[in-house]
Amino acid sequence: MPLILLVDDDDCFAAALASVLEQAGYKLLRAGDGKAALRLYDPQTVSLVLTDLVMPEMEGMDLISRLRQQHPDVKIIAMSGGEINFAKTYLRAARLVGADYILEKPFSKAQLLMAIHQGLPPMPV
Amino acid sequence: MSADEIKILLVDDHPVLRQGLRQLITARPGFTVVGEADSGRAVMDLVRATAPHLVLTDIHLPGENGVEITRRILSEFPLIKVLAFSGDSELELVLQALHAGISGYVAKKNGFEELMRAIYVVMDFHLYLSPEIASAVIRDFMKSYRGWKPARIGAGLSERERLLLQLVAAGKRNKEIAGEMTLTVKSVETYRSRLMKKLRCASAAELVRYAIREDIIQA
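Analysis parameters
- Residues numbered from 1 in each chain as written.
- Chains lettered and ligands numbered in written order.
- Predicted model: local features only at pLDDT ≥ 70, side-chain atom pairs only at ≥ 80, totals over all residues.
- Heavy atoms only, no water.
- Axes fitted to C-alpha atoms, helices over the stretch in contact; angles between N-to-C directions.
- Helix = DSSP H or I, 4+ residues; strand = E, 2+ residues; numbered from the N terminus.
- Parallel < 35°, antiparallel > 145°, perpendicular 65-115°, else oblique.
- Contact = heavy atoms within 4.5 Å.
- Salt bridge = Lys/Arg side-chain N within 4 Å of Asp/Glu carboxyl O.
- Polar contact = N/O pair within 3.5 Å; in protein donor to acceptor, adjacent residues only side chain to side chain.
- Nonpolar A, V, L, I, M, F, W, Y, C, P; charged D, E, K, R; others polar.
- Pairing = 2+ DSSP bridges.
- Buried < 20%, exposed > 50% of the residue type's maximum accessible area, 1.4 Å probe, protein only.
- Arc of directions from axis to C-beta.
- Domains from an automatic or database assignment.
- Right-handed = clockwise from strand over helix to strand, strands pointing away.
- Core = buried A, V, L, I, M, F, W, Y, C linked by side-chain atoms within 4.5 Å.

Another aspect to go through is the packing of helix H4 (residues 91-100) of chain B against helix H6 (residues 131-143) of chain B. Residue and element names in this part refer to chain B. Two elements in contact, H4 and H6, have axes whose closest approach is 10 Å; the angle formed by their N-to-C orientations is 85°. Relative to H6, the element H4 lies roughly perpendicular. Together, Leu91, Val94, Leu95 and Leu98 of H4 and Ile133, Ala136, Val137 and Asp140 of H6 make up the contact between the two elements.

Looking now at the interface of chain B and chain A. Between chain B and chain A, the residue contacts involve 16 residues of the former and 17 residues of the latter. At the surface where chain B touches chain A, the tally comes to zero salt bridges. For the pair chain B and chain A, the number of links is five residue pairs in polar contact (both at pLDDT 80 or more). At the level of secondary structure, the elements contributing two or more residues to the side of chain B that touches chain A comprise helix H1 (15-26) and helix H5 (112-123) of chain B. If one sorts the elements of the side of chain B that touches chain A by residue count, H1 of chain B sits on top with eight residues. Across the side of chain B that touches chain A, the residue classes break down as seven nonpolar, six polar and three charged.

Residue and element names in this part refer to chain A. Reading across from one edge, S2-S1-S3-S4-S5 is the order of the five strands in this open sheet, with parallel pairing throughout. Bordering the open sheet on either side are strand S2 (27-31) and strand S5 (101-104), each of which pairs with just one other strand. The sheet shows a mean angle of 20° between the axes of neighbouring strands, direction not considered. Looking at chain direction, strand S1 (residues 3-7) and strand S3 (residues 46-52) are connected through five bridges and run parallel. Along S3, the bridge assignment pairs Ile4 with Leu48. Together, S1, S2, S3 and strand S4 (76-80) form the strand contacts of helix H1 (residues 11-23), whose direction differs from that of S2 by roughly 170°. Here helix H3 (residues 60-70) sits on the sheet and contacts S1, S3 and S4; the angle it forms with S3, its principal contact strand, is near 155°.

Glancing now at H4 of chain B. Residues and elements named next belong to chain B. Regarding H4, the residues found buried are Leu93, Val94, Ala97 and Ala100. In an axial view of H4, the angular spread of the buried residues amounts to 120°, which keeps them on one side of the axis. Directly after H4, the chain includes Gly101, whose backbone phi takes a positive value near 105°.

Another point: the sheet that holds strand S6 (residues 128-129) of chain B. Residues and elements named next belong to chain B. Strand order in the open sheet formed by six strands is S2-S1-S3-S4-S5-S6, with parallel pairing between adjacent strands. Only two strands of the sheet have a single neighbouring strand rather than two, namely strand S2 (31-37) and S6. Examined bridge by bridge, strand S5 (residues 104-107) and S6 share two bridges and lie parallel to one another. By the bridge assignment, Tyr105 is partnered in S6 with Leu129. Where H1 meets the sheet, it contacts strand S1 (6-11), S2, strand S3 (54-57) and strand S4 (81-86), and its direction lies at approximately 165° from that of S2.

We now examine the domain arrangement of chain B. Here chain B is described as being made up of domain 1 (6-141) and domain 2 (149-213). Using C-alpha coordinates to define each centre, domain 1 of chain B is positioned 55 Å away from domain 2 of chain B.

So, about the pairing of S2 of chain A. Residue and element names in this part refer to chain A. Relative to S2, S1 runs parallel, the two being bridged by five bridges. Following the sheet pairing, Leu6 is matched in S2 by Arg30. The handedness of the S1 to S2 crossover, carried by H1, is right-handed.

Attention now goes to the nonpolar core. If you look at the biggest cluster of nonpolar residues, it comprises 46 residues, and the most contacted ones within it are Leu17, Leu50 and Leu112 of chain A together with Leu21, Ile25 and Leu115 of chain B. Take this core: its biggest share by element is nine residues, from H1 of chain A. Leu74, Val94, Ile133 and Val137 of chain B belong to the second-largest nonpolar core, a separate cluster that totals 27 residues.

Further remarks concern the side chain of Ser86 of chain B. Residues and elements named next belong to chain B. On the secondary structure map, Ser86 appears in strand S4. Given a relative accessible area of 1%, Ser86 falls into the buried group. At 2.9 Å, the side chain of Ser86 forms a polar contact with the backbone nitrogen of Asp88. With sequence-adjacent residues up to four places away left out, Ser86 is seen in contact with Asp58, Ile59, His60, Tyr105, Val106, Ala107 and Lys108.

Right, dumping it as structure tokens:
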């Protein structure tokens, strides 16, 4: 069962997202900021990193660029929301620093799972 | 759905958040999610159709915001509780929501457990504000009381008690006080011990300090 590292400082949103992903069959590890995510990330066990961009301590952008440098094969999905132009610009920047996929909030379960399926090998039936 | 379940209507423009919250809320015994809306437009029809006990709404929504939605719901259904959960806890917004009649305001970043706690609190007819929001609201409220002092312990002293305190603080003995107040020494002793109890003073020295502090005598 693929393990996803979910990085978001919005605890309510992270809990909701975790519930949706667990129901879809994924296992979750959660971190509240980039620093905690770097500590938790283990390339042997984590299949994909799903990260917010605006966070305290270490922002998503910094996390993505460090992960990409240290682990070139890591699969990363960046997500962000808020003011539309801000989110789009930020997500474009996330692509440039190493995110494989981007998700603009608000998004649906289908959009989320599609992005994850693109980043992960198919789950065993 | 059983008759005593708490019926909740979710209003948020983020579908995956609604879906996750629905799963988390319905996993708790005694709660059911009766509907979801992504904007203010659909809310009133859903409220009429599903008769929720509580509407859980984001504040920033496309079209009408959570404050306007609250006003509309409560003008037609004053008994429904409206609980806001938002990433934006700006004081002005919180005050607008409170004026609109909201029952609670939860900071989204604080997590699902706090959200559930808030739901229990507002369903118990209390108001719930996340601690950091409550602090900001109380600080703002206290600004309007600048210059106001809390009631003093001795504020309720009678004229005779005040005179007794002045005489004690002036260093007069019970016999002298009895003469000045036309009382027996025994009565002075009784009044004196009652006064000490009332002012929570353990000695004559404490009575003097109290009298100076409260401007009853000059230092």
